[in-house]
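Tertiary structure, described
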Amino acid sequence: MTNRGGLICRKKQESIFTYINIANFDDVAEKEESATHEVGHSIHALDTFFSSVEAYGMKYYPGLFLVEKITGSRLHMYVVSDSISQAFDIVSSVTKYADELTVYLKNNVSKYKTLVPFWIQVGACFGPFYEFEFKRKDADEMTTIGYAANYAAKLQNLSKPQHIMISENMYDDLAPDQKLYFRKLSPAVIRKYGQENCYDAEIKNLQVKYNFRRDLERAEQFSNRVDLQDMNFRSANQPLNYKDLSKTECKKIKGIPLFADVRDFTVQFDEDGANLEEMAAKTQNILTAMYEVVEGRHGIHVQFQGDREMALFHDYSDYSCVVDAVTAGLRIIDAVKGYQVSVGVGQSIGRLFAAKIGARGEKDNILLGRTVSEADKNEDEYAGKNQLVLSTDLYEELKKKDSSLAALFKKKNSEAYYTESGYRSYISQASYSQLKRDNASNNYNKAWGTFID
């Protein structure tokens, strides 16, 4: 185990990385909000679901089943084992339990009967990785890096609801009976990760010998520990602090989620982990640079998600976050260039819900709402290398707040605007424009530095 400043980097290990995502959670929460103006039932069910899945894995597979974190409506877990076949048995067991749990909670917990049933999608990949633990006052955070973690997340995004999608290297090492229900797929999108094929199966067909009845009943008991009447959704009159939140103390805010992800970073990791230590150091520097930009513009760090930064900017009292949020996006583009990488940044604006949930002492910061999905889409699907992409609503808000900053952006499509300028480029343009205006009016008293904040 090595220590680099505020970062503890543990030794290289091998694992099956698995993501279980509630694919339709935005629909679940929006239907509840349209009917009741709150999302208490949805967040309560989300906590019960993920806490029960965590508890199941930790009970039956101690030391092998590990949870990194909950990222919104997604659980990131990994199984450490020398045998892919043995590790996949554990992944199958946890995944099958999660699938049956969605039905059980809907049918047996009265407070969830009005909710739309959860639909889950799962992605998994085997490979080497490093664990990082970022040490910060009141905010220690663990994250993992490596090809397998990144690629598993991409497979989860591709997976259909109630399906699991796995990498080819996993499939090749499964036992014959484990392979029976998988079919080979060759989506073009995985080629940029150096892959030709992946494998897909319906979760209901996974071969698991266990009866989950007692564990499902324990999940029902867990759901009764917190009464819905104890859940509070307060507005923010000062900057949000996640350490003050829980599943009963939530915040309802107007804000801007920010996602910043290094482009083509997955393919820089050798599949066999040969350059993992070098990439670990590089990842530390990149994540630290993005984190410092966020904090420097009055933003709130939510989570590191592998090699991606997730942050929040929000309004409170008389403060509007729009200009700070967009400026942070531009500054992140500049901040990572020194590490010879490019970044894509996505943002959106709207209603958000913040809380802390999970079985491990409610340690997972979550940010929920369709606005989060829009910002994620702007980063993941629309932002190219060194591009900041804003939703149309955010662009219109920016025009009202700072027309010169808004002028950097061009229309991407009907949903978004983008710029390829970093903050330094913006400052240079602003300084040059001001110089021209000063020359035209014979005013030479204003220094260029006026524009740098």
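Residues numbered from 1 in each chain as written. Predicted model: local features only at pLDDT ≥ 70, side-chain atom pairs only at ≥ 80, totals over all residues. Heavy atoms only, no water.

Structural notes on the overall build of the protein
Counting its secondary structure elements, the protein contains 13 helices and 20 strands. Within the span of the protein, comprising 453 residues, buried residues form 57% of the whole. The contacts in the protein between residues at least 6 apart in sequence include a share of 72% that link residues at least 24 apart. On the protein, roughly 19600 Å² of surface is accessible, and the fraction owed to carbon and sulfur atoms is 46%. (Helix = DSSP H or I, 4+ residues; strand = E, 2+ residues; numbered from the N terminus. Buried < 20%, exposed > 50% of the residue type's maximum accessible area, 1.4 Å probe, protein only. Contact = heavy atoms within 4.5 Å. Areas by Shrake-Rupley, 256 points an atom, 1.4 Å probe, with all protein chains shown as cover.)

Some details on the nonpolar core
Ile332 and Phe409 are the most contacted members of the largest nonpolar core, which totals 64 residues. Among all residues touching Phe409, those that are not within four sequence positions of it are Val326, Leu388, Leu390, Tyr395, Leu398, Tyr417, Tyr418 and Thr419. Within the second largest apolar cluster, 63 residues are counted, among which are Phe49, Leu105, Ile164 and Leu368. (Core = buried A, V, L, I, M, F, W, Y, C linked by side-chain atoms within 4.5 Å.)

Brief notes about the packing of aromatic side chains
Between two aromatic rings, the relevant description is the distance of the centres plus the angle of the planes. Under the counting rule described, the total for this entry stands at 21 aromatic pairs. Consider the rings of Phe17 and Phe129, whose centres lie 4.9 Å apart with planes at 90°: the pair is edge-to-face. With a gap of 112 residues between them, Phe17 in strand β3 (residues 13-22) and Phe129 in strand β6 (residues 120-134) connect regions that are remote in the sequence. Of the two residues, Phe17 and Phe129, neither departs from the other in class, the shared state being buried. Note on Tyr56 and Phe212: the rings are 5.7 Å apart at their centroids and 75° apart in plane angle, and the pair reads as edge-to-face. Linking Tyr56 in helix α2 (residues 40-60) with Phe212 in the loop between β10 (198-202) and α7 (213-223), this pair joins segments that are 156 residues apart in sequence. Here Tyr56 and Phe212 have matching classes, each one buried. Taken together, the ring pairs in this structure connect Tyr56, Tyr60, Tyr61, Tyr97 and Phe212 into an aromatic cluster. Cation over ring: Lys179 sits above Tyr171, and NZ or CZ is 5.0 Å from the ring centre. (Phe/Tyr/Trp six-rings, centres within 6.5 Å; stacked < 30°, edge-to-face > 60°. Lys NZ or Arg CZ within 6 Å of the ring centre and 35° of its normal.)

Digging into the confidence of the model for the protein
Within the protein, residue pLDDT values average 88, and 89% of them lie at 70 or more. Contacts of residues 446-452 to residues separated by more than four positions or lying in other chains number 10 contacts, the stretch itself having pLDDT below 50. (pLDDT = per-residue confidence, 0-100.)

With respect to the pairing of strand β15 (residues 343-347)
The side chains of a regular strand alternate between the sheet's two faces. Of all 5 residues that make up β15, 5 are buried, and the element is covered over most of its length. Here β15 shows no split at all, with Val343, Val345 and Gln347 on one side and Gly344 and Gly346 on the other all buried. Relative to β15, strand β12 (residues 249-262) is paired through 5 bridges, and the arrangement is antiparallel. From the neighbouring strand, Phe259 faces β15, where its bridge partner is Gly346. Both β15 and strand β18 (residues 387-391) contribute to a ladder of 4 bridges, which runs parallel. Note on β18: the bridge partner recorded for Gly344 is Gln387. (Pairing = 2+ DSSP bridges.)

Considerations on α7
The set of residues buried in α7 consists of Asp215, Leu216, Ala219, Phe222 and Ser223. Mapping the buried residues of α7 onto a view down its axis gives an arc of 110°, with all of them on the same face. Away from its buried face by more than 90 degrees, α7 exposes Arg214 and Gln221. (Arc of directions from axis to C-beta.)

Quick look at unusual backbone geometry
Here the phi dihedral of His37 falls at roughly 70°; this positive angle occurs in a residue that is not glycine. His37 sits in the exposed class, given a relative accessible area of 60%. Non-glycine residue Asn386 carries a positive phi angle of around 55°.

What about the packing of helix α9 (residues 322-337) against helix α11 (residues 392-401)?
For any two helices packed against each other, the geometry is given by the interaxial angle and the distance between the axes. Interaxial distance between α9 and α11 falls to 9 Å at its minimum, and their mutual angle equals 110°. If you check the angle between α9 and α11, you find them roughly perpendicular. Considering how the two elements wind past one another, α9 and α11 form a crossing that is left-handed. Contacts from Val322, Val323 and Val326 in α9 reach Leu394, Glu397, Leu398 and Lys401 in α11. (Axes fitted to C-alpha atoms, helices over the stretch in contact; angles between N-to-C directions. Parallel < 35°, antiparallel > 145°, perpendicular 65-115°, else oblique. Left-handed = near helix turned anticlockwise from the far one by under 90°.)

Notes on the pairing of strand β8 (residues 163-167)
Of all 5 residues in β8, 5 are buried, a share of seventy percent or more. Residues His163, Met165 and Ser167 line one face of β8 and the alternating positions Ile164 and Ile166 line the opposite face, and both faces are buried. Bridge analysis of β6 against β8 gives 4 bridges, and the strand direction is parallel. Bridge assignment links Gly123 to a residue of β8, and that residue is Met165. Relative to β10, β8 runs antiparallel, the two sharing 5 bridges.

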